[in-house]
Structures are given as structure tokens and as C-alpha cells.
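What the coordinates show
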Amino acid sequence: AGKDIDFCVVRENTEGAYSGITHEIEGGAETPIRITRSATERVCRFAFDLARRRQKQNKVTCVEKSNIIGAHKLFRDVCTEVGRDYPDIELDFAYFDAFCQWQIRNPEWFDVVVTTNMFGDIVTDLGSVLQGGMGMAASANIGDVHGLFEPVHGSSPKHAGKDKVNPIATIHSIQMMHIRELLNSN
């Protein structure tokens with residue numbers, strides 16, 4: 001039932017395939033997937049702390065593709081290590097492609113989802129369907145000091161001045177500003 005669906009996606013937002021690094025190669029280009037221990041530990045700790053503070057299912061689901069992407073093995077391993085510091089929080093894993101299916105078919109299974117940058121981008125866009133589309137979905141980019149709160153879709157310049165834009169995602173983003181306060185309250 002709709003009332004049973006309440007999960008957050010936490011994504012590492014500085015690395016992965018969106019690192020901004022591209023190398024020209026013969027006949028094309030390649031972009032490495034950068035995953036570091038420090039960034040992964042930071043995002044996983046944030047996810048576990050969020051699951052603890054939410055007091056919903058007390059569960060973190062690590063979404064990655066370590067079965068075929070070597071850099072994701074580090075993401076999974078670090079998430080496992082961090083999880084040992086949170087014995088009260090259940091940790092489970094889902095490969096990205098399977099998770100995409102499950103979040104639509106069984107979204108009530110999830111509490112806090114932690115994933116890499118690109119996969120987080122995709123699963124949040126797809127997950128927005130559960131609440132009516134990207135025009136309804138809120139987003140927060142939370143750093144160590146500052147945060148940026150905006151609709152998942154960002155701005156909508158093609159609708160500027162046409163009196164057509166739905167402000168709900170912006171309002172939901174503003175409502176998310178309590179997350180920093182929630183995590184910093186001890």
C-alpha cells in the first residue's frame with residue numbers, strides 16, 4: 001500500500017562515472033569509474049546514520065554492480081565494513097539492475113538505499129515514478145558544511161514564464177532541510 005512506501009536514496013555525489021574525467025582513446029573516449037575508500041565510507045556512514053535516525057525499518061540496502069564492475073567491489077566492501085559499526089541496522093545488498101525492478105515492484109522493502117553516483121542518479125529518477133514523476137521528487141546535496149536542496153529534475157527553463165511549473169518538488173526539497181539538523185542533533 002502507498003502508506004508503506006517510505007525510502008530514501010543516498011548517493012555518493014563526487015565520484016563514480018560522473019567524476020569529470022574522460023580520456024580520448026583511438027576511435028572514441030573512455031570515462032573511468034572512480035571509487036575511493038574515503039568517499040565511500042563518508043556516504044555509507046551518512047546512510048547508516050540516516051537509517052538509525054529515521055527509525056523505520058532500520059535497514060540499509062547497498063546498491064552496486066560488483067559482479068561486473070571492479071570498482072564497485074570496493075564500494076560493497078567498504079559498506080560492509082561500515083555496517084559492522086551499526087549492529088542495530090540491517091545491511092542488505094542489491095545489484096543495480098535487480099534493484100531497479102524491485103523498487104518499482106516492491107518499494108516497501110526499502111528504508112535507506114546507498115549507492116554510487118551514476119546509479120543514484122538513475123534510481124532516484126526511476127523511483128520518482130512512485131510519487132507521481134520527477135516533478136514531485138525532492139533532492140538534497142548535503143556536504144560537510146553546506147547543502148543544496150532542489151527538485152530531482154533541477155530547474156525547468158523550458159517552462160519559464162509560462163505559468164505551468166508545479167512547485168511541489170521544490171516545496172518537498174525545502175521540507176528535506178531538516179535532514180542536516182536531524183543528523184547533527186545528538
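See the structure above.
Residues numbered from 1 in each chain as written. Predicted model: local features only at pLDDT ≥ 70, side-chain atom pairs only at ≥ 80, totals over all residues. Heavy atoms only, no water.

1. Things to note about the packing of helix α1 (residues 37-54) against helix α2 (residues 70-83)
In plain terms, the rule: To get an axis, fit a line to the C-alpha atoms, keeping to the stretch in contact for a helix; angles then go from 0 to 180 degrees between the N-to-C directions. Per the convention used, a helix needs a DSSP run of H or I reaching at least four residues, while a strand needs a run of E reaching at least two, with both numbered from the N terminus. In this scheme, roughly parallel covers angles under 35 degrees and roughly antiparallel covers those over 145, while 65 to 115 is roughly perpendicular and the rest are oblique. By definition, turning the near helix anticlockwise from the far helix through less than a right angle yields a left-handed crossing, and turning it clockwise yields a right-handed one. Only heavy atoms matter for contacts: two residues are in contact if any of them lie within 4.5 Å across the pair.
With their axes 9 Å apart at the nearest point, α1 and α2 run at an angle of 50° to one another. Regarding the angle of α1 to α2, the classification is oblique. The handedness of the crossing between α1 and α2 is right-handed. Along its contact with α1, which presents Arg 37, Thr 40, Glu 41, Val 43, Cys 44, Arg 45 and Phe 48, the element α2 presents Leu 74, Phe 75, Val 78, Cys 79, Glu 81, Val 82 and Gly 83.

2. A few points about the pairing of strand β4 (residues 59-64)
As a reminder of what qualifies: Think of it in three bands: with a 1.4 Å probe and only protein chains considered, a residue is buried below 20% of the maximum accessible area for its type, exposed above 50%, and partly exposed in between. A strand pair is defined by DSSP finding two or more bridges across the two strands. Orient the strands so they point away from the viewer; a crossover is then right-handed if the path from the first strand over the helix to the second runs clockwise.
Judged by how many residues are buried, β4 sits mostly within the fold: six of six residues are covered. Burial along β4 is two-sided: the face carrying Lys 59, Thr 61 and Val 63 and the face carrying Val 60, Cys 62 and Glu 64 are both buried. Summarising the sheet, β4 and strand β5 (residues 90-95) pair through six bridges and their orientation is parallel. Note that in β5 the partner of Cys 62 across the bridge is Phe 93. Taken together, β4, α2 and β5 form a β-α-β motif whose crossover is right-handed. Pairing of β4 with strand β6 (residues 112-115) involves four bridges; the strand directions are parallel.

3. Points about the sheet that holds β4
In a beta sheet, neighbouring strands pair by backbone hydrogen bonds and run either parallel or antiparallel. Pairing in this open sheet of four strands is parallel, and the strands run β1-β6-β4-β5 from one edge to the other. The strands lining the two open edges of the sheet, one partner per strand, are β1 (8-11) and β5. The average angle at which neighbouring strand axes cross in this sheet is 25°, direction not considered.

4. Structural notes on the environment of Tyr 95
Along the chain, Tyr 95 turns up in strand β5. Judged by relative accessible area, Tyr 95 falls into the partly exposed class, the value being 33%. Distance from Tyr 95 to Lys 65, taken between C-alpha atoms, is 5.1 Å for residues 30 residues apart in sequence. Setting aside chain neighbours within four positions, we find Tyr 95 in contact with Glu 64, Lys 65, Ser 66, Asn 67 and Arg 76.

5. Let's talk about the nonpolar core
For clarity, the threshold we go by: We define the nonpolar core as a collection of buried residues of types Ala, Val, Leu, Ile, Met, Phe, Trp, Tyr and Cys that are connected through side-chain atoms lying within 4.5 Å of one another.
One finds Cys 44, Phe 48, Val 60, Phe 75, Val 112 and Val 114 to be the most contacted residues of the largest nonpolar core, which totals 18 residues. Elements supplying a minimum of two residues to this core: α1, β4, α2 and β6.

6. Looking at the packing of aromatic side chains
The geometry of an aromatic ring pair is captured by the separation of the ring centres together with the interplanar angle, meaning the angle of the planes. We count it as follows: Pairing of aromatic rings covers Phe, Tyr and Trp, the last through its six-membered ring, and needs centres within 6.5 Å; plane angles under 30 degrees mean stacked, over 60 mean edge-to-face, and all others mean tilted. Two conditions define a charge located above a ring, namely a distance within 6 Å from the ring centre to NZ of Lys or CZ of Arg, and an angle within 35 degrees of the ring normal.
Tallied over the full model, the rule gives six aromatic pairs. When the centroid spacing of 5.0 Å and the interplanar angle of 20° are considered together, the rings of Phe 48 and Tyr 86 count as stacked. Taken together, the positions of Phe 48 in helix α1 and Tyr 86 in the loop between α2 and β5 put the pair 38 residues apart, joining distant regions of the chain. By relative accessible area, which is 0% here, Phe 48 ends up buried. Centre to centre, the rings of Trp 102 and Trp 109 are 5.9 Å apart; their planes meet at 55°, and the pair counts as tilted. Taken together, Phe 7, Phe 99, Trp 102, Trp 109 and Phe 110 form an aromatic cluster joined through their ring pairs. Between the NZ or CZ atom of Arg 76 and the centre of the ring of Phe 93, over which it lies, the distance is 4.0 Å.

7. Notes on the pattern of salt bridges
What counts, and what does not: Whenever Lys or Arg places a side-chain nitrogen within 4 Å of a carboxyl oxygen from Asp or Glu, that contact is recorded as a salt bridge.
Inspection of every chain in the model, using the stated rule, returns 12 salt bridges. Residue Lys 65 is joined to Asp 97 by a salt bridge in which the shortest nitrogen-to-oxygen separation is 2.9 Å. Residue Lys 65 is located in the loop between β4 and α2, and its partner Asp 97 is located in helix α3 (residues 96-105); the two are separated by 32 residues in the primary sequence. Relative accessible area serves as the criterion here: at 11%, Lys 65 is assigned to the buried category. Salt bridges sharing partners connect three or more residues here, namely Asp 6, Arg 54, Lys 56 and Asp 111.

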